[in-house]
Amino acid sequence: MEVATFVPMKDTPKHQGQRRQLVKLLMDKGIADAQVLAALGAIPRHWYMDQGLEAYAYVDKAYPIAADQTISQPYTVAFQTQLLDLQKGDKVLEIGTGSGYQTAVLLAHEGVSIYTIERQQQLFKKTALLFKKIGLRPKKVIFGDGYQGLPEQAPFDAIIVTAGAVQVPKPLLEQLAIGGRLVIPVGEKDQIMTRYVRTSEKSFDRQTFGNFRFVPLLKNKS
Ligand code: SAH
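Residues numbered from 1 in each chain as written. Predicted model: local features only at pLDDT ≥ 70, side-chain atom pairs only at ≥ 80, totals over all residues. Heavy atoms only, no water.

Here we look at the site of the ligand
To keep it simple, the criterion reads: One heavy atom within 4 Å of a molecule or strand is enough for the residue carrying it to be called near that molecule or strand. Polar contact criterion, stated in full: a pair of N or O atoms within 3.5 Å, where within protein one must be able to donate a hydrogen and the other to accept it, and residues adjacent in sequence count only if both atoms are side-chain atoms. Computed by Shrake-Rupley with a 1.4 Å probe, the accessible areas treat only the displayed protein chains as cover when residues are assessed. Site definitions follow a grid-based scheme: protein atoms alone, a 1 Å grid, a 1.4 Å probe that fits but cannot get out for cavities, and for pockets an open set with protein on both sides within 12 Å along at least five of seven lines, plus lining residues having an atom within 4 Å of a point. For this analysis, a molecule is said to be in a pocket or cavity if more than half of its atoms are within 2 Å of the grid points defining it. In this text, helices come from DSSP runs of H or I with a minimum length of four residues, and strands from runs of E with a minimum of two, each type numbered from the N-terminal end. Polar here means any residue outside two lists: the nonpolar Ala, Val, Leu, Ile, Met, Phe, Trp, Tyr, Cys and Pro, and the charged Asp, Glu, Lys and Arg; Gly therefore counts as polar.
Neighbouring the ligand are 25 residues; Ser99, Glu118, Asp145, Gly146 and Leu218 lie closest to it. Thr162 is positioned such that a nitrogen or oxygen atom in its side chain is 3.3 Å from a nitrogen atom of the ligand. Residue Leu218 places a main-chain N or O atom 2.6 Å away from a nitrogen atom belonging to the ligand. Relative to its unbound accessible area of 580 Å², the ligand is 99% covered by the protein chains. Taken atom by atom, the bulk of the ligand overlaps the second largest pocket. For the shell around the ligand, the elements supplying multiple residues, two or more each, are strand 2 (70-71) and strand 4 (113-118). In the shell around the ligand, the residues fall into ten nonpolar, twelve polar and three charged.

Printed below as a string of structure tokens:
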């Protein structure tokens, strides 16, 4: 018989010290947004790591999580969040909840509401449970295909995709508010970080920001 045990989540001075070092490293690598740096300095990434890998939580690398997916590298999380340029009151959609770490970084911004979608059921369940345990409250954690966005909640002020898309999903562009930002890694083998800003009903500004490597954004697969 399996006995449920409650293990409180710890955040020790050692973890906090490691986070300060990580924040310094991110600054050296060019992350400048004060809110983003504060978020990465505050959030215990070790809570989001798979069992046995907690010791690596403050190394600036991606690590495996359940269902053959990865927890994004802290630099990538900081970089994407910085590009989202979050403002108080923003309604935000995240595609690819994964470990939930990026979700926590988004939620650290004052006055934002977060909708997050994950298509791997195992990860969805695990991370939804973690959020409950640590008291993290996205507006909604959804099991489903984020390729289609979340039309019933559109428009969004910001949309972040944390998996590599071969093409930019049209529904995501359509679900941006005017002035809204979509940050998405685009490409097959590796990806170019791309930001779209909706400037009017019919026009978008597109800017690119260098190469990254993500697990693929899946489309219409179960
Ligand atoms: N932000 C997460 C990244 C996880 S990796 C973290 O740092 O932990 C990317 C995630 O996107 C995976 O969990 C994968 O299952 C999910 N994903 C891939 N295609 C998806 C889709 N179409 N809809 C929703 N989630 C998707």
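What to know about the pattern of salt bridges
In plain terms, the rule: Each salt bridge in this description consists of a side-chain nitrogen of Lys or Arg and a carboxyl oxygen of Asp or Glu lying within 4 Å of one another. Think of it in three bands: residues with accessible area under 20% of the maximum for their type are buried, residues over 50% are exposed, and the middle band is partly exposed, with areas taken using a 1.4 Å probe on protein chains only.
Evaluation of the coordinates by the stated rule reveals six salt bridges. Here Arg19 makes a salt bridge to Asp11, at a shortest N to O gap of 2.9 Å. Residue Glu110 is joined to Lys88 by a salt bridge in which the shortest nitrogen-to-oxygen separation is 3.2 Å. Residue Glu110 is located in the loop between helix 4 (101-107) and strand 4, and its partner Lys88 is located in the loop between helix 3 (74-84) and strand 3 (91-95); the two are separated by 22 residues in the primary sequence. When its relative accessible area of 53% is taken as the criterion, Glu110 is described as exposed.

A closer look at the side chain of Ser99
Positionally, Ser99 belongs in the loop between strand 3 and helix 4. There is a polar contact of 3.2 Å between the side chain of Ser99 and the backbone nitrogen of Tyr101.

Here's the deal with the environment of Gln18
Considering the arrangement of structural elements, one finds Gln18 in helix 1 (residues 13-28). Along the primary structure Gln18 and Ala62 are separated by 44 residues, whereas in three dimensions their C-alpha atoms are 16 Å apart.

Section: the nonpolar core
Rules: The definition of a nonpolar core used throughout is a set of buried Ala, Val, Leu, Ile, Met, Phe, Trp, Tyr and Cys residues joined through side-chain atoms within 4.5 Å. Contacts are assigned to residue pairs that have any heavy atoms within 4.5 Å of one another.
Ranked by internal contacts, the top residues of the largest apolar core, which has 40 residues, are Leu26, Ile31, Tyr48 and Tyr101. Counting residues per element, the ones that place at least two in this core are helix 1, helix 2 (34-42), helix 3, helix 4, helix 5 (121-134) and strand 6 (156-161). If you tally residues by element for this core, the top one is helix 3, at six residues. Leaving out residues up to four positions away in the same chain, Leu26 has contacts with Ile31, Leu37, Leu40, Asp60, Pro74, Tyr75 and Ala78. Ranked by size, the runner-up nonpolar core spans 20 residues in total, among them Ile142, Leu150, Phe156 and Ile159.

Shape is all these values report; function is a separate question.
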